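# Working through the structure, step by step
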Amino acid sequence: MTDTPSSEIAACSLVDVDYRYGDTIALRCVSLRVAPGESVALIGPSGAGKTTLLRVIAGLFQPSAGAVEVMGRSLAGLRPGRELAGLVGMMQQQLDLVLQLAVKHNVQAGYLGRWGTLRSLAALAFPIESTGARNAIRRVGLEDRIATRVGRLSGGEQQRVALARLLVQDPDLVLADEPVSALDPALADDLLALLRDLVSDRPGERPGESMAPRALIASVHQPELALRHFDRIIAMRSGQIAFDKPADDVTEKDLDLVYSLVARAPTPEPAAAGQ
Ligand SMILES: Nc1ncnc2c1ncn2[C@@H]1O[C@H](COP(=O)(O)OP(=O)(O)OP(=O)(O)O)[C@@H](O)[C@H]1O
Ligand SMILES: [Mg+2]
């Protein structure tokens, strides 16, 4: 377990969280704490509960039991939209980009939480230029595609548009569900390195201003990529945390245990009485 001073506000903290889809227990008694500045990879076999866990942390799913806090705030009491968008942002597996719109308009959608609906809709209809969006597009290396329709970009370029949109949203906690699953190995490496850099480098709006460091939690299917790019690895299996340790301490044996055991997907709850 990575040490974090107990007095420091956690980027996110979960205590005894369960999540059920009907009879299926997808998360069972999950507790974890991630500090600002940490980068965490969620690994584990298909069906282990990674996406469900990310969605619970993002406030998209209400846990069936237990408590979730982001930056010391209980998600249960937060209104979706403006408040939540400043705290936590998620890059979903389906990137939710508008393929018919240009890169700059998709990136500006990251302001939705902060601008409110009217101004954001106006920005989609009229060519409002924002320095923040332009900077984000430059940081992901797509400056020359700023006016290109997203539908004309490659998969890797679309991933970078989604990243730029997250930068504009500027949440304290960045979540990413399989951000590199659709990419070839070289591109996957590049994108994870970019994600790490963008998350750790958080300049203030004015020179000399320092922002609280962001934290990153991303699910990653390939353990070798997780070990190479993240400080800490949380392995899920059957809806529970199988191990949680610094990437440097993860052994082949740890990975074998997570990926080769029979019990992969969570099972429905056993019928009450009896063995
Ligand atoms: N909408 C749903 N209804 C019922 N069960 C679901 C639903 N979504 C997921 N599950 C079940 O919950 C468990 C966890 O699913 P989840 O999608 O979180 O796994 P995952 O680790 O993200 O898997 P993958 O690596 O394949 O993306 C699985 O057993 C899955 O079948
Ligand atoms: Mg998943």
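Look up a bit, the structure's there.
## With respect to the site of ligand 1
Around ligand 1, the surrounding shell holds 12 residues, and the nearest of these are Ser-46, Gly-47, Lys-50, Thr-51 and Thr-52. Taking Gly-49, its main chain carries an N or O atom lying 2.9 Å from an oxygen atom of ligand 1. Relative to its free-state accessible area of 630 Å², ligand 1 is covered by the protein chains to the extent of 64%. No other element matches the three residues that helix α1 (residues 50-57) contributes to the shell around ligand 1. A breakdown of the residues in the shell around ligand 1 according to their chemical character gives five nonpolar, six polar and one charged.

## Details of the sheet that holds strand β5 (residues 73-74)
Here we have four strands laid out as an open sheet, ordered β2-β1-β4-β5, and antiparallel in their pairing. Two strands in the sheet have a free side with no partner beyond their single neighbour: β2 (24-34) and β5. In the sheet, strand β1 (residues 12-21) pairs with β2 via seven bridges, with the strands oriented antiparallel. Looking at the pairing, Tyr-19 lines up with Leu-27 of β2. Contacting β1, β2 and β4 (65-70), α1 runs over the sheet at an angle of about 120 degrees to β1.

## Observations regarding the pairing of strand β3 (residues 39-43)
Burial within β3 is extensive, with five of its five residues counted as buried. Along β3, one buried face is formed by Ser-39, Ala-41 and Ile-43 and the opposite face, lined by Val-40 and Leu-42, is buried too. Bridge count for β3 against strand β8 (residues 215-219) is four bridges, and the pairing is parallel. Along β8, the bridge assignment pairs Leu-42 with Ser-219. In terms of strand pairing, β3 meets strand β9 (residues 232-237) through four bridges, oriented parallel. Each residue of the ladder has a partner; that of Ala-41, found in β9, is Ile-233.

## Some details on the pattern of salt bridges
Within the structure shown, the criterion is met by seven salt bridges. A salt bridge links Glu-38 to Arg-232, with the nearest nitrogen and oxygen atoms 2.9 Å apart. On the criterion of sequence distance, the pair formed by Glu-38 in the loop between β2 and β3 and Arg-232 in strand β9 is long-range, its members being 194 residues apart. Summarising the burial analysis for this pair, Glu-38 and Arg-232 share the class buried. Between Asp-231 and Arg-196 there is a salt bridge; the shortest N-O distance is 3.8 Å. One end of the pair, Asp-231, is in the loop between α9 (223-229) and β9; the other, Arg-196, is in helix α8 (residues 185-200), and 35 residues separate them in sequence. Taken together, the shared-partner salt bridges in this structure form one network comprising Glu-38, Arg-232 and Asp-244.

## So, the sheet that holds β3
Here six strands make up an open sheet; going across it, the order is β6-β7-β8-β3-β9-β10 and the pairing mixed. Both edges of this open sheet fall to β6 (88-91) and β10 (240-246), since each of them pairs with a single strand only. Along the sheet, successive strands turn relative to each other by an average axial angle of 15 degrees, direction set aside. Set on the sheet, α1 makes contact with β3, β6, β7 (173-177), β8 and β9; between it and β7 the angle comes to about 150 degrees. Contacting β3, β9 and β10, helix α10 (residues 252-260) crosses the sheet at an angle of about 160 degrees to β10.

Here is what the cut-offs are and how they apply
- Residues numbered from 1 in each chain as written.
- Chains lettered and ligands numbered in written order.
- Predicted model: local features only at pLDDT ≥ 70, side-chain atom pairs only at ≥ 80, totals over all residues.
- Heavy atoms only, no water.
- Near = heavy atom within 4 Å.
- Polar contact = N/O pair within 3.5 Å; in protein donor to acceptor, adjacent residues only side chain to side chain.
- Areas by Shrake-Rupley, 256 points an atom, 1.4 Å probe, with all protein chains shown as cover.
- Helix = DSSP H or I, 4+ residues; strand = E, 2+ residues; numbered from the N terminus.
- Nonpolar A, V, L, I, M, F, W, Y, C, P; charged D, E, K, R; others polar.
- Pairing = 2+ DSSP bridges.
- Contact = heavy atoms within 4.5 Å.
- Axes fitted to C-alpha atoms, helices over the stretch in contact; angles between N-to-C directions.
- Buried < 20%, exposed > 50% of the residue type's maximum accessible area, 1.4 Å probe, protein only.
- Salt bridge = Lys/Arg side-chain N within 4 Å of Asp/Glu carboxyl O.

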